[in-house]
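Here are the chains, one letter per residue:
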Amino acid sequence: MGGIDRSAGLVLAARAKINLGLEIIGKRRDGYHELRTLMQSVGLSDRLELVSDRGGRIALRCPGSKLSTDSGNIAFQAAERLRECSGDRRLGVRIVLRKRIPVGAGLGGGSADAAAVLLGLNRLWGLRLRLDELEDLAAGLGSDVPFCIRGGTQLSSGRGEILRPLHPFPALPVGLVYPTLFVPTSSIYGARRIPLTRSGPLTRLRDCGITTRSDVVSCVARLHNDLEPIVVRKYRRVGRLLDRLRGLGVEIARVSGSGSSLFVMTKERTALERALGEVADGETQVFRTWFRRRGCVSIVSRGAGRDIGAIQRRNRQLS
Ligand code: C5P
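Asker: What is the right way to look at the site of the ligand in this model?
Answerer: Every residue close to the ligand is listed here: Gly31, Tyr32, His33, Leu35, Gly142, Ser143, Arg159, Thr185, Ser186 and Tyr189. A distance of 2.8 Å separates an oxygen atom of the ligand from a polar side-chain atom of His33. Arg159 places a polar main-chain atom, nitrogen or oxygen, 3.0 Å from a nitrogen atom of the ligand. Surface burial for the ligand is 73%, taken as the share of its 460 Å² of free accessible area covered by protein chains. Because more than half of its atoms lie within 2 Å of the grid, the ligand is assigned to the largest pocket. Put simply, the parts of the chain that give the shell around the ligand at least two residues each are β2 (33-52) and α5 (185-189).

Asker: Is there a simple way to think about the packing of helix α1 (residues 74-86) against helix α2 (residues 109-124) in this case?
Answerer: Packed helices, taken two at a time, are described by the angle their axes make and the gap between the axes. Across the interface, α1 lies against α2 with an axial gap of 8 Å and an inter-helix angle of 30°. Here α2 runs roughly parallel to α1, going by the angle between their axes. The hand of the α1/α2 crossing is right-handed. Residues Ile74, Ala75, Ala78, Ala79 and Leu82 of α1 pack against Gly110, Asp113, Ala114, Val117, Leu118, Leu121 and Asn122 of α2. The class makeup of the residues in the contact of α1 with α2 is nine nonpolar, two polar and one charged.

Asker: Before we go on, may I ask you to explain helix α9 (residues 269-279) in this structure?
Answerer: Because each turn of an α-helix spans 3.6 residues, side chains separated by three or four positions end up pointing in the same direction. Within the span of α9, buried status applies to Ala271, Leu272, Ala275, Leu276 and Val279. In an axial view of α9, the angular spread of the buried residues amounts to 130°, which keeps them on one side of the axis. For α9, the exposed residues set more than 90 degrees away from the buried face come down to Thr270 and Arg274. For α9, the secondary structure elements touched by its buried residues are β7 (173-178), α8 (236-247), β9 (262-265) and β10 (285-292).

Asker: Which parts of the structure should I look at to understand the packing of aromatic side chains?
Answerer: Two aromatic rings, taken as a pair, are described by how far apart their centres are and by the angle between their planes. Within this structure, the stated rule accounts for one aromatic pair. The ring of Tyr32 has Arg159 lying over it, and the distance from NZ or CZ to the ring centre is 4.7 Å.

Asker: When you look at the pattern of salt bridges in this model, what are you seeing that I'm missing?
Answerer: Side chains carrying opposite charge are able to pair once their charged atoms draw close together. Tallied over the full model, the rule gives 15 salt bridges. Where Arg150 meets Glu135, a salt bridge forms, and the shortest distance between an N and an O atom there is 2.6 Å. Of this pair, Arg150 sits in helix α4 (residues 145-150) while Glu135 is found in helix α3 (residues 131-139), placing the two residues 15 residues apart along the sequence. The partly exposed category is assigned to Arg150, whose relative accessible area is 34%. Classification of Glu135 as buried rests on a relative accessible area of 13%.

Asker: In this structure, what is going on with the layout of surface pockets? I would like to understand it.
Answerer: Picture a little ball the size of a water molecule; that probe, rolled over the atoms, points out where space is still empty. Put simply, the largest pocket is a space of about 1,100 Å³. Surrounding the largest pocket, 43 residues form its lining, Ser111, Asp144, Thr185, Ser186 and Ser258 being those nearest its centre. Contributions of two or more residues to the lining of the largest pocket are made by β1 (9-27), β2, α2 and α5. Considering each element in turn, the lining of the largest pocket owes the most residues, four residues, to α2. A breakdown of the residues in the lining of the largest pocket according to their chemical character gives 16 nonpolar, 22 polar and five charged.

The rules behind each value
Residues numbered from 1 in each chain as written. Predicted model: local features only at pLDDT ≥ 70, side-chain atom pairs only at ≥ 80, totals over all residues. Heavy atoms only, no water. Near = heavy atom within 4 Å. Polar contact = N/O pair within 3.5 Å; in protein donor to acceptor, adjacent residues only side chain to side chain. Areas by Shrake-Rupley, 256 points an atom, 1.4 Å probe, with all protein chains shown as cover. 1 Å grid on protein atoms, 1.4 Å probe; cavity = no way out; pocket = protein on both sides within 12 Å on 5 of 7 lines; lining within 4 Å. Sits in = over half its atoms within 2 Å of the grid points. Helix = DSSP H or I, 4+ residues; strand = E, 2+ residues; numbered from the N terminus. Axes fitted to C-alpha atoms, helices over the stretch in contact; angles between N-to-C directions. Parallel < 35°, antiparallel > 145°, perpendicular 65-115°, else oblique. Left-handed = near helix turned anticlockwise from the far one by under 90°. Contact = heavy atoms within 4.5 Å. Nonpolar A, V, L, I, M, F, W, Y, C, P; charged D, E, K, R; others polar. Buried < 20%, exposed > 50% of the residue type's maximum accessible area, 1.4 Å probe, protein only. Arc of directions from axis to C-beta. Phe/Tyr/Trp six-rings, centres within 6.5 Å; stacked < 30°, edge-to-face > 60°. Lys NZ or Arg CZ within 6 Å of the ring centre and 35° of its normal. Salt bridge = Lys/Arg side-chain N within 4 Å of Asp/Glu carboxyl O. Points joined across faces, edges and corners; volume = space filled by probe spheres on them.

Set out below in structure tokens:
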């Protein structure tokens, strides 16, 4: 490990995901559900500042958020897991996590943060693990974390860890509607009657010929989310929002993952703007964003370990 600049720092954008479609195939012996889901990275992102710690300490701060800053936080767990895997106890990092992706929203914010820590520390600590090795490690942290390593457009199956990258969808605009509700994933998967789709449209999905906005909207319009009826049953406001959006004539309004967020897509850009403008209020937050080809990107990278302020100032300029 000689020659590695342990004072280096970097800033990463960890992007949210949406589930364009999600089919539950059945319950597994390990308590998880066998599923098939088409996942897509979007531009809404958290910011992570990583600075090497020469004292071998792992420390996390989440300014402005109530998230835990120890092993209760998946970003912290990711750093610990990677250090364990390196076998070098001297490796340390100070992480500043600035949340922008709503929590408990079905947007994979925690998973994106964990993936960003794995990718960032792999570089910062000079570990040279391959992406497939990072994906294996990611699967031990959470079902959506492997997807977030590469991101883009991928079909995922199994518990979420079997990935098939598709030709990335174009950078289409998509609206995210967050009803300011925290929904624990396990409370939705734990419901008594989840509808099953053993052989649905995702089984037959091929990525050839999906290039234009209209192709993508038509393809996604044929999909569904088996968890949506459960979310709607438990959280009436989500159902009311879906009805309102559909009443406004949008082609797609659907729950992402286990909720609480919805995503909205239209063939015409103006229709999307109109619908988002209609539902945004004190209780409902709206994000206008785009499909993205990668789950995590580096914003600034330099040997700035002695001056985390420089990274933070740059980060603030960018956000
Ligand atoms: O893997 P992760 O920790 O993100 O999963 C959170 C919860 O979601 C699990 O405890 C489980 O209840 C549920 N889950 C599931 N089947 C999946 C993924 C998640 O039942 N494929």
